[in-house]
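One-letter residues, chain by chain:
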Amino acid sequence: MTEEIDAFLDEIGFDPDASVLTRRQAQVLALRERGESQAEIAERLGTSRANVSSVEGSARDNVERARETVAFAEALHAPVRIRIPAETDLYDVPQLVYEACDDAGVKVDHTAPDLMKVIADAAGDAVSGRQVDRELVVGVTSTGEVRVRHPE
């Protein structure tokens with residue numbers, strides 16, 4: 001039964017030597033994405049549900065660390081970086097971003113409401129309602145992608 005999921009991983013180009021995931025972690029994530037429960041995956045892989053839960057948790061942690069690493073690397077190269085102080089009204093942030101992007105000749109393809117949502121979503125608990133609670137650094141790549149960092 002694992003041959004099917006391994007074939008799928010090979011088809012989409014999974015390379016355990018280049019990935020932050022082990023093959024087992026990739027298998028579990030792929031099966032979860034297909035809607036299988038941890039119990040079903042455990043039966044398929046011949047292990048316990050607790051083991052599948054542990055493998056899935058580690059895989060999701062690894063994916064999040066990889067995303068954070070990519071965001072950090074992109075922030076290093078972003079031509080636009082804006083520090084947003086704590087206690088800033090979220091409604092003031094788009095204008096700060098647009099001005100910095102204009103100065104750098106970078107185009108942002110977000111309306112002000114969309115940009116506020118992107119920033120608030122990426123900031124997590126650093127933004128509550130209209131208030132920036134903890135300092136943020138908003139980076140904009142040369143292709144206009146917005147990245148939000150917490151400089152802690």
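Preceding this section is the structure that the text describes.
Everything numeric in this text was worked out from a predicted model, so none of it was measured.

**Observations regarding the overall build of the protein chain**
When helices and strands are tallied, the protein chain shows six helices and five strands. When the helices and strands of the protein chain are read in sequence order from the N terminus, they spell out α-α-α-α-β-α-α-β-β-β-β. For 152 residues, the compact-globule formula gives about 15 Å, and the C-alpha radius of gyration of the protein chain, at 20 Å, lies well above that figure. With respect to the principal axes defined by its C-alpha atoms, the protein chain has extents near 55 × 30 × 25 Å. Within the protein chain, buried positions represent 36% of all 152 residues. Expressed as a percentage of contacts within the protein chain between residues at least 6 apart in sequence, the contacts between residues at least 24 apart total 55%. In the form shown here, the protein chain has an accessible surface area of approximately 9,000 Å², with 49% of it arising from carbon and sulfur atoms.

**As for the environment of Val 106**
Relative to the helices and strands, Val 106 resides in the loop between helix H5 (93-104) and helix H6 (112-123). Among the residues examined, Val 106 registers a relative accessible area of 9% and is labelled buried. Taking the C-alpha atoms as reference, Val 106 lies 21 Å from Leu 90; in sequence the two are 16 residues apart. If we skip the residues at most four places from it in the chain, Val 106 touches Pro 79, Val 80, Cys 101, Val 140, Thr 141, Ser 142 and Gly 144.

**Side note on H5**
With 12 residues, H5 extends 17 Å from end C-alpha to end C-alpha; this agrees with the ideal 16 Å at 1.5 Å per step. For H5, every residue scored as buried is listed here: Val 93, Pro 94, Val 97 and Cys 101. The buried residues of H5 occupy one face: seen down the axis, they fall within an arc of 95°. Every exposed residue of H5 that faces more than 90 degrees away from the buried side is listed here: Asp 102 and Asp 103. Where H5 is buried, its residues meet strand E1 (80-84), H6, strand E3 (131-132) and strand E4 (136-140).

**Considerations on the packing of helix H1 (residues 2-11) against helix H2 (residues 23-33)**
The geometry of a pair of packed helices is captured by two quantities: the angle between their axes and the separation between those axes. As a packed pair, H1 and H2 sit with axes 10 Å apart at the nearest point and diverge in direction by 95°. When the axes of H1 and H2 are compared, the pair comes out roughly perpendicular. Residue-level contacts link Thr 2, Ile 5, Asp 6, Phe 8, Leu 9 and Asp 10 of H1 to Arg 23, Ala 26, Gln 27, Ala 30 and Leu 31 of H2. Among the residues making up the contact of H1 with H2, the classes are represented as six nonpolar, two polar and three charged.

**Things to note about the nonpolar core**
Val 97, Ile 119, Leu 136, Val 140 and Val 146 are the most contacted members of the largest nonpolar core, which has 21 residues in total. Elements supplying a minimum of two residues to this core: E1, H5, H6, E4 and strand E5 (146-149). At four residues, the largest contribution of residues to this core is made by H6. Leaving out residues up to four positions away in the same chain, Ile 119 has contacts with Leu 90, Val 93, Val 97, Leu 136, Val 138, Val 146 and Val 148. Counting residues in hydrophobic clusters, the runner-up holds 15 residues, among them Leu 9, Ala 26, Val 28 and Leu 29.

**Some details on the pairing of E5**
Here four bridges tie E4 to E5, and the two strands are oriented antiparallel to one another. When the bridges of E5 are listed, Val 137 appears paired with Arg 149. From the end of E4 to the start of E5, which pair antiparallel, there are five residues, and Gly 144 there has a positive phi angle of about 90°.

What counts as what
Residues numbered from 1 in each chain as written. Predicted model: local features only at pLDDT ≥ 70, side-chain atom pairs only at ≥ 80, totals over all residues. Heavy atoms only, no water. Helix = DSSP H or I, 4+ residues; strand = E, 2+ residues; numbered from the N terminus. Rg over C-alpha atoms; globule rule 2.2 N^0.38 Å. Buried < 20%, exposed > 50% of the residue type's maximum accessible area, 1.4 Å probe, protein only. Contact = heavy atoms within 4.5 Å. Areas by Shrake-Rupley, 256 points an atom, 1.4 Å probe, with all protein chains shown as cover. Expected span 1.5 Å × (residues − 1). Arc of directions from axis to C-beta. Axes fitted to C-alpha atoms, helices over the stretch in contact; angles between N-to-C directions. Parallel < 35°, antiparallel > 145°, perpendicular 65-115°, else oblique. Nonpolar A, V, L, I, M, F, W, Y, C, P; charged D, E, K, R; others polar. Core = buried A, V, L, I, M, F, W, Y, C linked by side-chain atoms within 4.5 Å. Pairing = 2+ DSSP bridges.

Functional significance is not addressed by these values, which are geometric in nature.
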